[in-house]
Amino acid sequence: MLTRIVKVDAQEPDLRLLAEPAEALRRGELVAFPTETVYGLGGAALNAATVARIFAVKDRPADNPLIIHLSEPSLAIDLTTGISEFEVALMARFMPGPFTLVLPRHERVPDIVSAGQDTVAIRCPENPVAQALMRLTGIPLAAPSANRSGRPSPTVARDVAEDLDGKIPYIVDGGACQIGIESTVVIARDDYPIILRPGLVTREMLADFTAEYFGVERAEQNRECAEASQREQSRSQAPPLSPGQKYRHYAPRARLEIFTGDDSGARAKDLRARLERYLSVESPQEGVERLVGLFISSATLEAFKGGLSGPTALSAELRPEVIVYAAEPDPSAAAHELFAALRSFDRVGAAVIFAEGLSAGSGGEAYMNRLRRAAGGGAEEDE
Ligand code: AMP
Ligand code: MG
């Protein structure tokens, strides 16, 4: 199959260019398109054969459900058997945006979308290209990230092509995604937002909103009840609340190590220790340079360089491929560059990647979740 790339303006896409991809979606074909989080692989959500094709093209495990994308939250009414007042308020506050809400599923939504669960996940992307395409198409779109299952999510059209060229008829190229990691997935059945997957709508934002909505005391009671019922659910034989979290994800081909510490100086020190260990333990063939990927802020890179006094074995034996994600250490800036960096390291053939760990600050939880899973950590480590 020939994959056509349809390039549009990121802010004001020409609707005439989007007409063909929209028509293809209505016919049940698959179209990759940008959202503010990552590129999605869209298909008609209420067409079971189309949804089966999404799973096949991605090679996605059948028990990992898809998120349904809508141009506006009111359209969710047809897809669920009921939305509580608090859920309506959450949707009004955080949609459109990088926020997904898990609701009770209407039978109109095919089983395969939700991997057989009795819930359905709903999101309304804010990205102007996604909005324009969804409005033109006029139907709910199932849209998981547009990568082969297990690979880093795509944040530019080229990354989509790398995984899906020849497998889908259209890739809409609307430039780089604004956020770069996937949405926050939330379930709020017990009047408290429980995070199933962290994202840039943070735990703190959700807690503040809930406290505003119910008052601090009642919000706290709701939290205790909701957390207890979630623990109960994970102890029982019921399917996991967020099946996607159990899979290895975002994995580059190289091994990934996370260097940590409270500030740039401490992280630079940890990085140095890890590099020394790597050089002493993993000896390559004589004369073979070691290509090491380094994902770091320039502040931490400066601290790292400052700590190397005189000629050091490190610089002689290593050929570092350095990607500086920002001047200062900042989790949302790092998250924005992470997936693209992992793909670049793969392209140059890095043997091992060292990535800067940043848990403090807005977006820290979401960034560390992706980083740990790229390093091979499972769900236990995430939560
Ligand atoms: P992706 O579209 O690739 O970003 O993955 C979608 C994520 O949403 C996965 O982590 C799924 O487990 C999660 N998800 C989708 N539908 C549901 C649902 N009905 N209940 C819980 N989690 C869901
Ligand atoms: Mg995904």
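Please refer to the structure higher up on the page.
The rules we used
- Residues numbered from 1 in each chain as written.
- Chains lettered and ligands numbered in written order.
- Predicted model: local features only at pLDDT ≥ 70, side-chain atom pairs only at ≥ 80, totals over all residues.
- Heavy atoms only, no water.
- Phe/Tyr/Trp six-rings, centres within 6.5 Å; stacked < 30°, edge-to-face > 60°.
- Helix = DSSP H or I, 4+ residues; strand = E, 2+ residues; numbered from the N terminus.
- Buried < 20%, exposed > 50% of the residue type's maximum accessible area, 1.4 Å probe, protein only.
- Contact = heavy atoms within 4.5 Å.
- Disulfide = S-S within 2.5 Å.
- Core = buried A, V, L, I, M, F, W, Y, C linked by side-chain atoms within 4.5 Å.

(A) Quick look at the packing of aromatic side chains. Tallied over the entire structure, the rule returns nine aromatic pairs. For the ring pair Phe86 and Phe209, a centre distance of 6.3 Å and an interplane angle of 25° mean the geometry is stacked. One end of the pair, Phe86, is in helix H3 (residues 85-94); the other, Phe209, is in helix H6 (residues 203-214), with 123 residues separating them in the sequence. The pair formed by Phe86 and Phe209 is uniform in burial state, with each residue classed as buried. Look at Phe295 and Tyr325: their rings are 5.1 Å apart centre to centre, the planes differ by 40°, and that puts the pair in the tilted class. Taken together, the residues span a long stretch of sequence, with Phe295 in strand S12 (residues 290-296) and Tyr325 in the loop between strand S13 (318-324) and helix H11 (331-348) at a distance of 30 residues. Residue Phe295 is classed as buried on the basis of its relative accessible area, which comes to 1%. Three or more aromatic residues joined by ring pairs form one cluster here, namely Phe86, Phe94, Phe99, Phe209, Tyr213 and Phe214.

(B) Fine view of the side chain of Glu257. The residue Glu257 is located in strand S11 (residues 255-259) in this model. The exposure class of Glu257 is buried, given its relative accessible area of 15%. Ignoring anything within four residues of it in the chain, the contact list for Glu257 reads Arg274, Ile353, Phe354 and Ala355.

(C) Examining the state of the cysteines more closely. A full pass over the atoms with the stated rule returns zero disulfides. Looking at the unpaired Cys124, the closest cysteine sulfur is the one in Cys177, lying at 17 Å. Residue class for Cys124 comes out buried when judged on its relative accessible area of 0%.

(D) Up close: the nonpolar core. Counting 44 residues, the largest nonpolar core has Ile68, Leu90, Phe99, Leu101 and Ile122 as the members making the most contacts within it. When residues of this core are traced back to their parent elements, those giving at least two are helix H2 (48-58), H3, strand S5 (99-104), strand S6 (119-123), helix H5 (157-164) and H6. Ranked by residues supplied to this core, first place goes to H3 with five residues. Here Phe99 is in contact with Leu90, Phe94, Ile122, Arg123, Ser183, Thr184, Val186, Val201 and Leu206, once residues within four sequence places are set aside. Of all hydrophobic cores here, the second largest spans 29 residues; its members include Ile181, Ile323, Tyr325 and Tyr367.

(E) Representation of unusual backbone geometry in the model. In the segment running from Met95 into Pro96, the intervening peptide bond is cis, with an omega of -5°. Along the chain, the position of Pro96 falls in the loop between H3 and S5. Phi at Asp59 takes a positive value of approximately 60°, unusual for a residue other than glycine. For Asp59, the position within the fold is in the loop between H2 and strand S4 (67-69). The exposed category is assigned to Asp59, whose relative accessible area is 52%. Unusually for a residue other than glycine, Asp191 sits at a positive phi of about 60°. Secondary-structure assignment places Asp191 in the loop between strand S9 (184-187) and strand S10 (194-197). We classify Asp191 as partly exposed; its relative accessible area is 22%.

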